[in-house]
Amino acid sequence: MLNARPAKIKLSFWGVRGSIPSSPDPSEYDAKLFNILKTCQLRNLKDDKSVKNFISNLPVEMKRFVGTNTSCVYLKLNGTHIILDAGSGIRRLGEMLMKHEFGKGEGEAHIFLTHTHWDHIMGFPFFAPAYKSGNSITIYGVHKGLEHRISNQQEDEYYPVSLSAMGAIIDFIQLRKEEAIDLNGIKITNQMLNHPGGSFGYRVDYRGKSIVYATDSEYKNIDDDRRQTYIEFFNGADVLIFDAQFTIDESIEKENWGHSTSIQGVDFAVKANVKHLLFFHHDPSYSDQKLENILQDAVTYKKTRYKNKKIKISLAREGLEIAL
Ligand SMILES: [Zn+2]
Ligand SMILES: [Zn+2]
């Protein structure tokens, strides 16, 4: 029977920050440690096993940081490897992939780039599978001169290994605006977002499930037609990964910087009947506490403004995995 194989989709986040990788301020480490120690005071942690259990049962926001690396999202769809952006998060993703077929030079990865601002490509020179002969890496993008843009950051003024010396077979596929392609039965379409120099969101549809990756976009000064285009692009998505870099105050201050807010994300997600909205491209200067507050404000906004709408809202966190 055709399509009898059930869809097996795994989505995971390897880089969730915008602009530049950013490690937490030392006071944030202290605050996390303080809260953990306070929580464990009343527990009887008498041996290693009870300590490990205690740690594994802590809520994720208490024990982990939201994330330090820039944009990189990984999708595994029944054996096809799709990577959305090659920010600094792709380095650790590459290490994980090397433990499987990529380590034997038998892997095939498809990297879709939204655009080539540095935070979205800076990790590629550190992507281990690209160094292993036998692997095949295909890089897709809509911007003209894609190969030059990627190879340029590996010129010897910037990096010691050129793109052509990396070992794997690296190909480039130039996509047309709004072109729909078929990759092993997976439909991938793009849509131009509103960002300086242009950024392209991707929608991945596979056996009734859909994931939309729409990062680096501002929605303030767009007309109704454009707004409607985005609503259609996001429509019915199981997961919408949405640029929510700024608070509302900051989005006013930083108009035309090409980023948006969590509140705009909620409005779009409601109009487009999205099931799970994830805020992404967190500002490098925002602490975890500030990001948790942004999330809570968005949840409250959804509850008061759209009482009867059911929609899951989360922060994209490094290490988060979603099975679809
Ligand atoms: Zn960016
Ligand atoms: Zn950008």
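Basis of the calculations
- Residues numbered from 1 in each chain as written.
- Chains lettered and ligands numbered in written order.
- Predicted model: local features only at pLDDT ≥ 70, side-chain atom pairs only at ≥ 80, totals over all residues.
- Heavy atoms only, no water.
- Pairing = 2+ DSSP bridges.
- Helix = DSSP H or I, 4+ residues; strand = E, 2+ residues; numbered from the N terminus.
- Axes fitted to C-alpha atoms, helices over the stretch in contact; angles between N-to-C directions.
- Contact = heavy atoms within 4.5 Å.
- Salt bridge = Lys/Arg side-chain N within 4 Å of Asp/Glu carboxyl O.
- Buried < 20%, exposed > 50% of the residue type's maximum accessible area, 1.4 Å probe, protein only.

Asks: Could you clarify how one ought to interpret the sheet that holds strand 1 (residues 9–15) in this entry?
Replies: Two orientations exist for strands paired in a sheet by backbone hydrogen bonds: parallel and antiparallel. Across the sheet, which stays open at both edges, the seven strands sit in the order 6-5-4-3-2-1-14 with mixed pairing between neighbours. The open sheet terminates on both sides in strands that have one partner only, identified here as strand 6 (169–174) and strand 14 (321–323). Going from strand to strand, the sheet's axes swing by 20 degrees on average, the running direction of each strand aside. Here six bridges tie strand 5 (residues 136–141) to strand 6, and the two strands are oriented parallel to one another. The residue of strand 6 that forms the bridge with I139 is F172. Packed on one face of the sheet, helix 4 (residues 90–98) meets strand 1, strand 2 (72–77), strand 3 (80–84) and strand 4 (108–112) and runs near 30 degrees to strand 2.

Asks: Could you clarify how one ought to interpret the pattern of salt bridges in this entry?
Replies: Charged atoms that come close allow side chains of opposite charge to pair. Overall, the coordinates contain nine salt bridges when judged by the stated rule. With a shortest N-O distance of 3.9 Å, E218 and K220 are connected by a salt bridge. By relative accessible area, which is 29% here, K220 ends up partly exposed. A salt bridge links E250 to K254, with the shortest nitrogen-to-oxygen separation between them at 2.8 Å. What you see here is one network of salt bridges that share partners, running through R17, K32 and D288.

Asks: Mind showing me how you'd approach unusual backbone geometry here?
Replies: Of note, the phi angle at S19 is positive, near 75 degrees, even though the residue is not glycine. When you line up the elements, S19 lands in the loop between strand 1 and helix 1 (26–40). You can call S19 partly exposed: its relative accessible area is 36%. A positive phi angle, close to 60 degrees, is found at H281, a residue other than glycine. H281 gets classed as buried once you look at its relative accessible area, which sits at 0%.

Asks: Explain the sheet that holds strand 13 (residues 312–315) to me, please; I cannot follow it from the model alone.
Replies: Strand order in the open sheet formed by seven strands is 7-8-9-10-11-12-13, and the pairing between neighbours is mixed. Sheet topology places strand 7 (180–183) and strand 13 at the edges, where each strand pairs with a single neighbour. Shown here is a sheet whose adjacent strand axes are inclined to one another by a mean of 20 degrees, direction ignored. Note: strand 8 (residues 186–193) against strand 9 (residues 199–206), seven bridges, orientation antiparallel.

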